[in-house]
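Structural overview for review
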Amino acid sequence: MNLVRACPWQAQYQWKLRELWRIKGLRSIHRQRERVEDRRWPGWEVVVGIEVHAQIKSRKKLFSEARTAHTNDAPNTSVSCFDAALPGALPTLNPKCVELAVRTALALNAHVQRRSAFDRKHYFYPDLPSGYQITQRYAPLARGGHLRLSRGDVTVRITQLQLEQDTAKSTFHAGRRVSLIDLNRAGSGLMEIVSEPDMRSPEEAGDYVRTLQTLLRAVGSSDGSMELGSLRCDVNVSVNRYGQPPGTRCEIKNLNSIKFVMTAIASEVFRHIELLESGRTVTQETRGFDENKAETFKLRSKEDSPDYRYMPDPNLPPLLLSEEYIERVRSSMPELPSETRGRLLSMGLSERDADVLMTIDSGREVGFDGEIGKGAVAYFTDLVRERDPKIVVNWMIHDLLGQLASRKETFSDNPVSVEHMGELIDMVQSGKVTGTSGKTLLRHMISRRSLDCPSKLVKELGLVALCEDDSSMVEEWCLEAIKELPQQAEAVRKGNLPVLNRLVGKVMKLGRGRANVETVRTLLLELLRES
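Criteria and cut-off values
- Residue positions are given per chain, counting from 1 as you read along its sequence in written order.
- Owing to the predicted nature of the model, reporting of local features is limited to residues with pLDDT of at least 70; listing and counting of side-chain atom pairs is limited to 80 or more, with chain, interface and lining totals taken over all residues.
- Only hydrogens and water are removed before side-chain values are computed, so all heavy atoms of the structure are retained for them.
- The pocket and cavity definitions rest on a 1 Å grid over protein atoms only: a 1.4 Å probe that fits but cannot leave marks a cavity, an open set with protein on both sides within 12 Å along at least five of seven lines marks a pocket, and residues lining either have an atom within 4 Å of a point.
- Grid points are joined across faces, edges and corners, and a volume is the space filled by probe spheres set on the points.
- Helix numbering and strand numbering both begin at the N terminus, where a helix is a DSSP run of H or I of at least 4 residues and a strand a DSSP run of E of at least 2.
- By the convention adopted, Pro, Cys, Tyr, Trp, Phe, Met, Ile, Leu, Val and Ala count as nonpolar, Lys, Arg, Asp and Glu as charged, and the other residues, Gly among them, as polar.
- In these notes, a set of buried Ala, Val, Leu, Ile, Met, Phe, Trp, Tyr and Cys residues joined through side-chain atoms within 4.5 Å is what counts as a nonpolar core.
- Summary of the burial criterion: residues with accessible area below 20% of their type's maximum are buried, those above 50% are exposed, and those between are partly exposed, where the area comes from a 1.4 Å probe applied to protein chains only.
- We call two residues in contact when some of their heavy atoms are within 4.5 Å.
- Two rings from Phe, Tyr or Trp (for Trp, the six-membered ring) form a pair when their centres sit within 6.5 Å of each other. Planes less than 30 degrees apart are called stacked, planes more than 60 degrees apart edge-to-face, and all others tilted.
- A positively charged side chain is recorded as over a ring if its NZ (Lys) or CZ (Arg) lies within 6 Å of the ring centre. The angle to the ring normal must also be within 35 degrees.

Its volume calculated, the second largest pocket comes out at about 880 Å³. As for the second largest pocket, its lining consists of 26 residues, of which Ser150, Thr211, Thr214, Pro337 and Met358 are closest to the centre. Secondary structure elements with two or more residues in the lining of the second largest pocket: strand E8 (146–148), helix H4 (202–219), helix H8 (337–346) and helix H9 (351–361). No other element matches the seven residues that H4 contributes to the lining of the second largest pocket. Across the lining of the second largest pocket, the residue classes tally to nine nonpolar, nine polar and eight charged.

Quick look at the structure:
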């Protein structure tokens, strides 16, 4: 990996030192949008910007050799001397974290900076052993870029993407009335992705986080799991009357679900409007979110750059990336969600089917250091070779995924290999097995976790389709069905044809799905007319 480093940071940082005392707000970059009246707050415009903190899925931490901890690990078992801020411990940049961050920047159409640098952001919390966080506020890894949302014609601009280290995790023990510190998370690599204030509703904010989450998983840079804390959001909210300058913004910290992001924004908007309509002012501050009350609460007055006393990190020289390195990362990029969707639609899939596959695929497992896990789209791509895409997607969505869902399992629990699923579909298409028997066979393969090939299981289970010579057997089943369901048979004789499906179902049950449905339907009608 060609990461070029240099150390002449003192002179080059002078202009940044002057910026440490400049308060940066969102007012100067407020973008006008076409007015869309929201019935929840008529006459008011909502302005939302989001800072997303995504944990990088790397085996090692950002500045140490310690492995990235799993949520199930025992506390304080994955900690290096640097993570614990022991005297004399120095940082060593993990090049894999840099590569994954560059991937993300390119996917966001951002401009990767040939030169970026690390700053120290000072604040004193128990979960920050060194008393400062290493970040990239003034010389980030990437600037600019944009992300197109999945709904509506909305594009959210990206301000910057920066690398930074995560903090430790503090847990308050109510019984002992103490806070416990777990350093496992300390020093893990984070990407902070800062958006421009281009969102105008809670729904757009939720769509932004969801779309970004899918993108991160697609490029393999983060698993984006909000439930496990590997993706957290800080949301900036302000309101103003239409045509007036943006109002005072407040930041809501550490939101860990899309539902909470949307609820917190709505709660904060109503709070701002209530203050303004009563003649009071909105104070710039940092707020938390009470999940039980569904409302925000004050944490502290809002800090700005001077409060954090930013300074260049003296132990980390600037990071210089060559153009060749950036292009090499670009050439190895996996398929992006927009490209995947276009490819699926070009195969003849409906938008609904493509959306279902991509929604399931977004939950696939993301491996370490950029390894892309196999998901529903990859499964479909392998399965569709030399087969009709529409037939394959119907088997996947309605049968395979449907049976997994009925067992409360996800696609990651799927025990049926591409080869076996393909063989099952081929047998149904060739007539060796009826569609009903194929579904029965698939249910058996999933419930029994069978590794035997479908052709063998069909014979063992007696699911081979009947041939024309077995018409007498089908006739016996039809007569038995008419005998067992006399009321339905009489209704069909009187012209109520929809009831015929009950009789057909009974015949298929008696024959364990081996009979052809159309043959059964025709034979039943003939027998009912004769009787």
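Here the narrative resumes.
Turning to the nonpolar core, a few remarks are in order. Core analysis: the biggest nonpolar cluster contains 69 residues, and Ile50, Val102, Tyr208, Leu212, Cys233, Val235 and Leu321 have the highest contact counts within it. For this core, the element with the most residues is helix H3 (residues 95–107), which contributes eight residues. Once you skip the residues sitting within four places of it in the chain, Ile50 turns out to touch Ile193, Val194, Ser195, Met199, Ala205, Tyr208, Val209, Cys233, Asp234 and Val235. Listed in part, the 35 residues of the second largest apolar core include Met358, Phe380, Val392 and Leu401.

With that settled, consider the packing of aromatic side chains. Summed over all chains, the structure comprises nine aromatic pairs. Taking 5.5 Å as the distance between ring centres and 80° as the angle between the ring planes, the aromatic pair formed by Phe63 and Phe118 counts as edge-to-face. Linking Phe63 in the loop between strand E2 (44–55) and H3 with Phe118 in the loop between strand E4 (115–116) and strand E5 (119–122), this pair joins segments that are 55 residues apart in sequence. Per residue, the accessibility class of Phe63 equals that of Phe118, and both read buried. The ring of Phe368 carries Lys57 above its face, with NZ or CZ at 5.0 Å from the centroid. Taking NZ or CZ as reference, Lys121 lies 4.4 Å from the ring centre of Tyr308, over its face.

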